Amino acid sequence: MNQIIAFLSKVGAMLHPWMTEIATALVACTIVIFATDINRVLRKTLSGSGFFIRTCAFVLVNAFGYGLAIVSISPWLASQLRVMPSQWMLLLVIGIFFGIGAWAQRNRQV
């Protein structure tokens, strides 16, 4: 058991220099998964509005909203992952990516 923990710790420690990129990928994947639902709600909400209003709302949410979310959440997530023990951080990152993939597959977004 100690060998498994040592291996997970070693591999997890190798991910630390890439934590910013990993956090950005996690946030971006999550946004991609939920963007369809968010855009559907936005489309329903603005269905009676004019073309210009719908277009502006779409641009604000998709370009600035999602971009702001990635830029603001990614550093926070990276800092949270950095303070975790390496073996748990590795397992958590792998688990989250598999969870996102499974959720996307279940909802036929892949």
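Parameters at a glance
- Residues numbered from 1 in each chain as written.
- Predicted model: local features only at pLDDT ≥ 70, side-chain atom pairs only at ≥ 80, totals over all residues.
- Heavy atoms only, no water.
- Helix = DSSP H or I, 4+ residues; strand = E, 2+ residues; numbered from the N terminus.
- Rg over C-alpha atoms; globule rule 2.2 N^0.38 Å.
- Contact = heavy atoms within 4.5 Å.
- Areas by Shrake-Rupley, 256 points an atom, 1.4 Å probe, with all protein chains shown as cover.
- Core = buried A, V, L, I, M, F, W, Y, C linked by side-chain atoms within 4.5 Å.
- Buried < 20%, exposed > 50% of the residue type's maximum accessible area, 1.4 Å probe, protein only.
- Axes fitted to C-alpha atoms, helices over the stretch in contact; angles between N-to-C directions.
- Parallel < 35°, antiparallel > 145°, perpendicular 65-115°, else oblique.
- Left-handed = near helix turned anticlockwise from the far one by under 90°.
- Expected span 1.5 Å × (residues − 1).
- pLDDT = per-residue confidence, 0-100.

Chemist: Pulling in residues and values, what's your account of the overall build of the chain?
Modeler: Looking only at helices and strands, the chain features 4 helices and 0 strands. Going from the N terminus to the C terminus, the chain shows its helices and strands as α-α-α-α. The C-alpha radius of gyration of the chain comes to 18 Å, more than 25% above the 13 Å expected for a compact globule of 110 residues. Partitioning the contacts of the chain with sequence separation of at least 6, the portion at a separation of at least 24 is 77%. For the chain, the computed accessible surface area is about 7600 Å², with 73% contributed by carbon and sulfur atoms.

Chemist: Please set out the nonpolar core residue by residue, giving values where relevant.
Modeler: Counting 17 residues, the largest nonpolar core has Met-19, Leu-26, Ile-31, Leu-77, Leu-81, Met-89 and Val-93 as the members making the most contacts within it. Listed by contribution, the elements that provide at least two residues to this core are helix H2 (19-45), helix H3 (51-82) and helix H4 (86-106). Top contributing element to this core by residue count: H2, with 8 residues. Those residues in contact with Val-93, other than ones at most four positions away along the chain, are Ile-22 and Leu-81.

Chemist: Can you break down the packing of H2 against H4 residue by residue, with the values?
Modeler: Direction vectors running N to C along H2 and H4 enclose 20 degrees, while the axes themselves pass 11 Å from each other. Compared by their axis directions, H2 and H4 come out roughly parallel. Note that H2 runs across H4; the crossing there is left-handed. Residue-level contacts link Met-19, Ile-22, Ala-25, Leu-26, Cys-29, Thr-30, Ile-33, Phe-34 and Asp-37 of H2 to Met-89, Val-93, Ile-96, Phe-97, Ile-100, Trp-103 and Ala-104 of H4.

Chemist: Please set out H3 residue by residue, giving values where relevant.
Modeler: For H3, built from 32 residues, the straight-helix expectation of 46 Å at 1.5 Å per residue is met to within 8% by its first-to-last C-alpha distance of 45 Å. Turning to H3, its buried residues are Ala-57, Tyr-66, Ala-69, Ser-74, Leu-77, Ala-78 and Leu-81. Residues of H3 that are buried in the fold lie against H2 and H4.

Chemist: So what about the confidence of the model for the chain? Which residues, and what values?
Modeler: Confidence along the chain averages 90 in pLDDT terms, with 98% of residues attaining 70 or more. Highest mean pLDDT in the chain belongs to H3 (93); lowest belongs to helix H1 (residues 2-15) (87).

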